Amino acid sequence: MGNWIVNHGLDTFILVVWMGINIFLFVHFYLFYDLGPQFFYTRQLLGSALAWARAPAAVLNFNCMLILLPVCRNLLSLIRGSFVCCGRTMRKQLDKNLSFHKLVAYMIALMTAVHTVAHLLNVEWFINSRHGRYGFLAGNLSALEDDEDDHETFLNPVQSDSTTPTIFAFTTIAGLTGVVITLALILIITSSMEVIRRSYFEVFWYTHHLFIVFFAGLVFHGYGRIVRSQVTTDPPHNTTFCKDQPENWGKIPECPIPQFAGGFPQTWMWVIGPMVIYLCERLLRFVRYLQTVRYKKIVMHPSKVLELQLLKSGFKMDVGQYVFLNCPEISELEWHPFTMTSAPEEDFFTVHIRSAGDWTDRLIKMVENLPEGTLICQNGPFGTASEDVFDYEVSMLVGAGIGVTPFASILKSIWYKFKDSNPKLRTRKIYFYWLCRETHAFEWFADLLQVLEKEMEERGMRDFLIYKLYLTGWDHTHAAQVMVNFDKDTDVITGLKQKTHYGRPNWDKEFEQVRHENPSSVVGTFLCGPPALATDLERRCVKYSDVDPRKTKFYFNKENF
């Protein structure tokens with residue numbers, strides 16, 4: 001349990017607080033509408049469906065307030081920068097922004113379903129009450145009209161005997177906006193599935209921007225005011241005394257005709273702040289979109305990896321950060337995230353792009369056919385977990401395939417820091433693991449490792465950087481070549497002094513080694529790779545951490561885009 005708290009304690013606390021607020025809002029408003037005396041007559045028409053409709057609405061307001069904030073990337077980068085004085089555990093929560101965004105979206109979907117079903121029942125019961133099917137009291141309440149001054153004092157919004165649920169849905173503000181909101185939400189959620197997002201990105205992009213329609217409908221939805229409560233009259237209407245004699249309403253002083261009013265719309269007060277913040281976010285992105293990006297160098301590496309060295313006025317970055325790139329000639333709408341492989345000390349920024357889909361394939365072909373390069377637009381940079389790598393005494397960097405890119409930036413920055421004898425370098429040791437399926441994938445990164453290897457030897461710091469390369473896919477030809485060149489000082493694949501390993505790492509052995517070599521150290525474990533590997537490493541961090549401050553602790557960090 002102690003090990004688990006080290007890595008997941010704050011995550012769990014935040015989720016418990018979030019879920020606690022959701023539960024509190026649901027229970028509070030359920031009881032408010034189910035027991036509140038001002039809704040006594042309303043419940044005579046609708047029964048418990050009133051509370052079942054209004055309680056989810058309160059939860060929806062809260063979560064719709066939250067849903068936009070995790071995707072305000074510039075805001076998150078600003079917060080990350082302002083949290084430098086705070087603990088890294090707090091900053092690590094910002095890297096789970098998309099997971100929280102999805103979690104909030106699931107809650108919105110669930111509450112929307114409950115809210116919609118309850119209101120469908122409410123409409124049916126409004127109509128039945130209008131037709132007198134629920135008794136004398138419900139019939140009299142449904143027959144109430146506006147007062148003499150034409151103030152809307154009625155209770156039942158169904159004021160015509162010919163109204164049907166379909167007519168109500170498309171002729172009232174609440175009904176029409178409810179239909180629009182529900183359809184928009186269904187399209188947003190279904191198009192967000194992994195298979196659609198990866199294979200049909202433009203479908204995902206277009207439908208996700210239906211959130212504009214969703215929020216517009218959400219703001220106006222409450223102005224329908226179909227849920228109405230009893231208001232105080234002079235003289236007051238004694239509900240306990242009058243509920244059994246509606247025929248005397250307006251005839252005796254104790255029972256004036258009851259009057260009702262719709263609640264003031266409150267949703268806009270919940271969402272206006274996040275909507276303004278998100279609007280500022282998009283304006284900032286648009287300004288950056290208009291800024292010119294120039295090419296410094298274009299390199300085509302083996303394994304269909306394209307290296308772009310780019311220049312942009314006023315551009316500043318930190319290690320491990322990423323940018324979004326757009327190629328208008330391919331699509332003006334598609335923006336894709338790429339981790340920068342350059343160091344902050346360089347006067348340009350670099351991205352390595354692997355062929356992994358239609359967009360990247362088309363970009364690589366266009367650049368190959370146009371030596372001067374095609375038009376590229378850039379947005380960012382945005383912060384990631386890797387920014388914190390130098391805050392740890394010891395760091396374990398794990399990259400899978402092209403997932404090595406954030407660590408290229410880190411290792412380059414280390415080289416510059418050693419070159420300039422930077423006294424602020426806090427990190428004492430780095431363990432670097434790179435897993436690749438093909439031998440060619442190592443080639444574009446081997447040069448940097450060779451430079452670092454030489455630099456460490458010259459400074460007598462050979463143990464500062466320990467790197468292990470793993471080839472997870474090979475054939476008999478590779479095996480035979482390795483056997484022939486086994487006695488050479490350098491690796492036959494990479495040309496490095498560190499020999500390439502075949503197969504996958506034994507993570508238990510690796511973590512045990514790191515713990516043994518670094519007693520009482522705080523170790524940051526950073527991954528840019530597939531979810532399965534993330535799950536494996538996260539379990540190891542929990543397994544080998546210790547709450548005793550005199551022993552080693554592992555903190556897991558994963559890149560999320």
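Remember, predicted model here, so these are calculated numbers, not experimental data. Each chain carries its own residue numbering, running from 1 in the written order of its sequence. The predicted origin of the model limits local features to residues at a pLDDT of at least 70 and limits the giving and counting of side-chain atom pairs to 80 or more, whereas totals for whole chains, interfaces and linings rest on all residues. Only hydrogens and water are set aside; all other atoms, that is, all heavy atoms of the structure, feed into the side-chain values.

Draft legend 1. Local environment of empty space enclosed by the protein. With a 1 Å grid laid over protein atoms only, a set of points is called a cavity when a 1.4 Å probe fits there but cannot get out and a pocket when it is open yet has protein on both sides within 12 Å along at least five of seven lines; lining residues have an atom within 4 Å of a point. Grid points are joined across faces, edges and corners, and a volume is the space filled by probe spheres set on the points. Enumeration according to the criterion identifies 1 cavity of 30 Å³ or more in this entry. Reported here for the largest cavity is a volume of approximately 140 Å³. Top element by residues in the lining of the largest cavity is helix 4 (residues 73–82). It accounts for 4 residues. All residues other than Ala, Val, Leu, Ile, Met, Phe, Trp, Tyr, Cys, Pro, Asp, Glu, Lys and Arg, Gly among them, are scored as polar; the first ten of these are nonpolar and the last four charged. When its residues are assigned to classes, the lining of the largest cavity shows 5 nonpolar, 5 polar and 3 charged. Here a helix means four or more residues in a row that DSSP labels H or I, a strand means two or more in a row labelled E, and each is numbered from the N terminus.

Draft legend 2. Fine view of the layout of surface pockets. The calculated volume of the second largest pocket comes to roughly 1,200 Å³. Only helix 1 (2–35), helix 3 (49–66), helix 6 (97–130), helix 8 (165–171), helix 9 (173–190), helix 12 (211–221) and helix 14 (267–290) provide two or more residues apiece to the lining of the second largest pocket. In terms of residue count, the dominant contributor to the lining of the second largest pocket is helix 9 (7 residues). Its residues placed into classes, the lining of the second largest pocket shows 26 nonpolar, 16 polar and 2 charged.

Draft legend 3. Examining the state of the cysteines more closely. The definition used for a disulfide is geometric: two cysteine sulfur atoms within 2.5 Å. Summed over the entire model, instances satisfying the criterion amount to 1 disulfide. One disulfide bridge connects Cys242 with Cys255, the sulfur atoms lying 2.0 Å from each other. What sets the handedness of the Cys242 and Cys255 disulfide is the S-S torsion sign, and at about -95° it is left-handed. Of the two residues, Cys242 is situated in helix 13 (residues 239–242) and Cys255 in the loop between helix 13 and strand 2 (259–262); the sequence distance between them amounts to 13 residues. The burial state of Cys242 is the same as that of Cys255; both residues are buried. The closest cysteine sulfur to the non-disulfide-bonded Cys280 is located on Cys72, 9.2 Å from its own sulfur. Only protein chains enter the accessibility calculation, which uses a 1.4 Å probe; a residue is then buried when its area is under 20% of its type maximum, exposed when over 50%, and partly exposed in between. Looking at Cys280, the relative accessible area reads 45%, which means it is partly exposed.

Draft legend 4. Main features of the sheet that holds strand 8 (residues 377–382). Only when DSSP finds a minimum of two bridges between them are two strands counted as paired. Strand order in the open sheet formed by 3 strands is 6-5-8, and the pairing between neighbours is antiparallel. Here the strands that pair on one side only, and so sit at the sheet edges, are strand 6 (336–339) and strand 8. Averaged over all pairs of adjacent strands, the angle between their axes in this sheet comes to 30°, without regard to strand direction. In this sheet, strand 8 lies alongside strand 5 (residues 322–326) in antiparallel orientation, the contact comprising 4 bridges. By the bridge assignment, Leu325 is partnered in strand 8 with Gln378. Inter-axis angles, ranging from 0 to 180 degrees, are taken between N-to-C directions of lines fitted to C-alpha atoms, where helices are fitted over the stretch in contact.

Draft legend 5. Molecular detail of the UniProt feature "transmembrane region" (unreviewed entry) in the protein. UniProt positions are given in the numbering used here, feature names are shortened, and annotations may be inferred rather than shown by experiment. Within this structure's numbering, the places UniProt gives as "transmembrane region" (unreviewed entry) are residues 12–33, 53–72, 100–121, 167–191 and 203–223. Each end of residues 203–223 is marked by a C-alpha atom, and these two atoms are 32 Å apart; helix forms 81% of the span and strand 0%.

Draft legend 6. Representation of the packing of aromatic side chains in the model. Within 6.5 Å between ring centres, the rings of Phe, Tyr and Trp (the latter by its six-membered ring) count as paired, and their orientation is classed by plane angle as stacked under 30 degrees, edge-to-face over 60, tilted in between. Within this structure, the stated rule accounts for 30 aromatic pairs. With a centroid separation of 6.1 Å and an interplanar angle of 45°, the aromatic rings of Phe220 and Tyr223 are classed as tilted. Classification of Tyr223 by relative accessible area gives partly exposed; the value is 37%. Summarising the aromatic geometry, the rings of Phe407 and Phe432 are spaced 6.4 Å apart at their centres and angled 70° between planes, so their arrangement reads as edge-to-face. In this pair, Phe407 is assigned in helix 16 (residues 405–419) and Phe432 in strand 10 (residues 429–436), connecting sequence segments 25 residues apart. An aromatic cluster is built from Tyr433, Trp507, Phe511, Tyr544 and Phe554, whose rings are joined through pairwise contacts.

Draft legend 7. Broad picture of helix 15 (residues 358–369). Here the expected length of a helix is defined as 1.5 Å per residue gap, with one fewer gap than residues. End to end, helix 15 covers 17 Å across 12 residues, agreeing with the expected 16 Å (1.5 Å per residue, within 8%). Every buried residue of helix 15 is accounted for by Trp359, Thr360, Leu363, Ile364, Met366 and Val367. Buried residues of helix 15, viewed axially, fall in a sector of 165°; they line one side. Across from the buried face of helix 15, at angles greater than 90 degrees, the exposed residues are Asp358, Lys365 and Asn369. Residue contacts are counted whenever heavy atoms from the two residues lie within 4.5 Å of one another. In this fold, the buried residues of helix 15 make contact with strand 3 (294–301), strand 4 (305–311), strand 5, strand 6 and strand 7 (349–354). What the arc describes is the spread of directions from the helix axis to the C-beta atoms.

Draft legend 8. Expanded view of a nonpolar patch on the surface. A surface patch of nonpolar side chains, amounting to about 780 Å² of accessible area, comprises Ile173, Phe220, Tyr223, Phe264, Trp268, Met269, Ile272 and Val276. Counting residues per element, the nonpolar patch draws most heavily on helix 14, at 4 residues. Note on placement: Ile173 falls in helix 9. Judged by its relative accessible area of 46%, Ile173 is partly exposed. Distance thresholds for patches are 9 Å for like charges and 5 Å for nonpolar side chains (Val, Leu, Ile, Met, Phe, Trp, Tyr), applied to residues having over 30% relative accessible area and no salt bridge. Areas reported here follow the Shrake-Rupley algorithm with a probe of radius 1.4 Å; residue values treat only the protein chains shown as occluding. Salt bridges, as used here, are contacts in which a Lys or Arg side-chain nitrogen is within 4 Å of a carboxyl oxygen on Asp or Glu.

Draft legend 9. Quick look at the sheet that holds strand 3. Ordered by their spatial adjacency, 3 strands build an open sheet running 3-4-7, and the pairing between neighbours is antiparallel. Only two strands of the sheet have a single neighbouring strand rather than two, namely strand 3 and strand 7. Strand-to-strand, the axes of this sheet are offset by a mean angle of 20°, without reference to chain direction. Two strands pair when backbone bridges link them, and strand 3 and strand 4 are joined in this way by 7 bridges, in the antiparallel orientation. Its bridge partner lying in strand 4, Tyr295 is registered against Leu310. Sheet contacts for helix 15: strand 3, strand 4 and strand 7; angle to strand 7, the most-contacted strand, approximately 115°.

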